[in-house]
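Chain by chain, the residues run as shown.
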Amino acid sequence: MKLEKLQRISTGIKGLDEILGGFPVGRSILITGDAGSGKTIMSLQFAIKSAEEGFGTVYITTEEDETDLNFQCNSFGWDITPLIEDGKLEIMSLAAARAVVTEAEMKIGIESMNEDIGRLLEEVPPDTKVLIIDNLGSHTGNLTPYEFRNRFDFFVYELKKRNITSLIILDSATAREFNEIALFSVYGAINLIKRENPYTGRRERVMDIIKMRSTRTPVDFVPYRIGENGIEIIEKVKYE
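A short tour of the structure in this document, coming up. All values reported here derive from a predicted model rather than from experimental measurement.

1. Here's the deal with the overall build of the protein chain
So, step 1. Helix and strand counts for the protein chain stand at 8 helices and 11 strands.
So, step 2. The 240 residues of the protein chain split such that 49% are buried.
So, step 3. Put simply, of all contacts in the protein chain between residues at least 6 apart along the chain, 70% involve residues at least 24 apart.
So, step 4. Carbon and sulfur atoms make up 49% of the accessible area of the protein chain, which totals about 12600 Å².

This is the structure in structure tokens:
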């Protein structure tokens, strides 16, 4: 009996593809990291590569609008306009809608309704193959750990059922509260870290590939930089 291999899709980062072989198709990957670590840049690289390869790609941003994302893309020489015009890439900004809802809720004195993670599924077109959510933290306000676990499990389950390959970003504040819970549900998890190198005393960026099921992963941190072409892996890695 021939064993089937898990299909992969390019991460958009050459060195990371060499390490992982790509992200597993139809699975959810959790991306965490402090401000300035490159979470959005990594997600944009994945979105652009996926759209270029013909996968219907949706980028949901809950904190920025399309103009802000365009500024980021332009700074690296990425022109996403043709991909959007061809219908290969869709940018969905929920920031403005969230601000309106929050303002209305403040006026009538009720708790935020934005914590319903399941609402995001209603925004995803049926033909979507790749989904990026940047970031999910804005939809977790006031949730208890138990509520977060139930809703996050359901969210990941529905994405898998629809065979959508997804990157789910959690900001550092949300990750501190719910990261351990989220790790149980996702297929893979990568943490982007800014730190001081203990040997050189210089600041550096490294990624910790916490887990990636069905994938051989390195035991050491993976050094990277944010260069003129986006995120670049700068050193080969060692495996156990």
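2. Overview of the pairing of strand β10 (residues 222-227)
So, step 1. By the bridge criterion, 3 bridges tie strand β9 (residues 203-212) to β10 in an arrangement that is antiparallel. Bridging from a neighbouring strand, V206 pairs with P223 of β10.
So, step 2. With 4 bridges joining them, β10 and strand β11 (residues 230-233) adopt antiparallel strand pairing. Paired with R225 across the two strands is E232, which belongs to β11.
So, step 3. Where β10 folds back on β11, the antiparallel hairpin that results is connected by 2 residues.

3. Looking at the layout of surface pockets
So, step 1. Taken as a whole, the largest pocket holds about 380 Å³ of empty space.
So, step 2. As for the largest pocket, its lining consists of 21 residues, and the residues nearest its centre are N197, E204, V206, P223 and E235.
So, step 3. Classifying every residue of the lining of the largest pocket by side-chain character gives 8 nonpolar, 2 polar and 11 charged.

4. Comments concerning the packing of aromatic side chains
So, step 1. Following the criterion strictly, the structure yields 4 aromatic pairs and no others.
So, step 2. Judged by centre distance (5.2 Å) and plane angle (15 degrees), the ring pair of F148 and F152 falls under stacked. Highlighted residues: F148 and F152, both in helix α7 (residues 145-161), separated by 4 residues, approximately one helical turn. Here F148 and F152 have matching classes, each one buried.

5. Digging into the sheet that holds strand β8 (residues 188-196)
So, step 1. Taken in spatial order, the 9 strands of this open sheet run β5-β4-β6-β7-β3-β8-β9-β10-β11, and their pairing is mixed. Since the sheet does not close on itself, it has two edges, and those belong to β5 (89-93) and β11, each with one partner. In this sheet, adjacent strand axes meet at a mean angle of 25 degrees when their direction is disregarded.
So, step 2. Inspection of the sheet shows β8 paired to β9 by 9 bridges, in the antiparallel sense. Paired with G188 across the two strands is M212, which belongs to β9.
So, step 3. Each of β3 (28-33), β7 (165-170), β8 and β9 touches helix α8 (residues 172-185); the most contacted strand, β3, lies at about 150 degrees to it.

6. Structural notes on the environment of D127
So, step 1. Looking at the secondary structure, you find D127 in the loop between α6 (119-123) and β6 (130-134).
So, step 2. Taking the relative accessible area as the measure of exposure, D127 reaches 56% and is therefore exposed.
So, step 3. Taking the C-alpha atoms as reference points, D127 and F55, separated by 72 residues in sequence, lie 9.4 Å from one another.

7. Digging into α7
So, step 1. Over its 17 residues, α7 extends 24 Å from the first C-alpha to the last, a length consistent with the 24 Å expected when each residue adds 1.5 Å.
So, step 2. Of the surrounding secondary structure, the elements contacted by the buried residues of α7 are β3, α6, β6, β7 and α8.
So, step 3. N163, located one to two residues past α7, shows a positive phi value of around 55 degrees.

8. A closer look at the packing of helix α2 (residues 39-52) against helix α3 (residues 66-75)
So, step 1. Orientation of α2 relative to α3, taken along the N-to-C sense of each, is 85 degrees, at an axis distance of 11 Å. Here α3 runs roughly perpendicular to α2, going by the angle between their axes. Across the interface between the two elements, T40, I41, L44 and I48 from α2 touch L69, Q72 and C73 from α3.

9. Observations regarding the side chain of S28
So, step 1. Along the polypeptide, S28 turns up in strand β3.
So, step 2. Overall, the relative accessible area of 3% leaves S28 in the buried class.
So, step 3. Polar contacts involving the side chain of S28 include one to the side chain of S166, which spans 2.7 Å.
So, step 4. In this structure, S28 is in contact with V156, L159, S166, I168, V186, Y187 and G188, ignoring residues within four places of it in sequence.

Rules of the game
Residues numbered from 1 in each chain as written. Predicted model: local features only at pLDDT ≥ 70, side-chain atom pairs only at ≥ 80, totals over all residues. Heavy atoms only, no water. Helix = DSSP H or I, 4+ residues; strand = E, 2+ residues; numbered from the N terminus. Buried < 20%, exposed > 50% of the residue type's maximum accessible area, 1.4 Å probe, protein only. Contact = heavy atoms within 4.5 Å. Areas by Shrake-Rupley, 256 points an atom, 1.4 Å probe, with all protein chains shown as cover. Pairing = 2+ DSSP bridges. 1 Å grid on protein atoms, 1.4 Å probe; cavity = no way out; pocket = protein on both sides within 12 Å on 5 of 7 lines; lining within 4 Å. Points joined across faces, edges and corners; volume = space filled by probe spheres on them. Nonpolar A, V, L, I, M, F, W, Y, C, P; charged D, E, K, R; others polar. Phe/Tyr/Trp six-rings, centres within 6.5 Å; stacked < 30°, edge-to-face > 60°. Axes fitted to C-alpha atoms, helices over the stretch in contact; angles between N-to-C directions. Expected span 1.5 Å × (residues − 1). Parallel < 35°, antiparallel > 145°, perpendicular 65-115°, else oblique. Polar contact = N/O pair within 3.5 Å; in protein donor to acceptor, adjacent residues only side chain to side chain.

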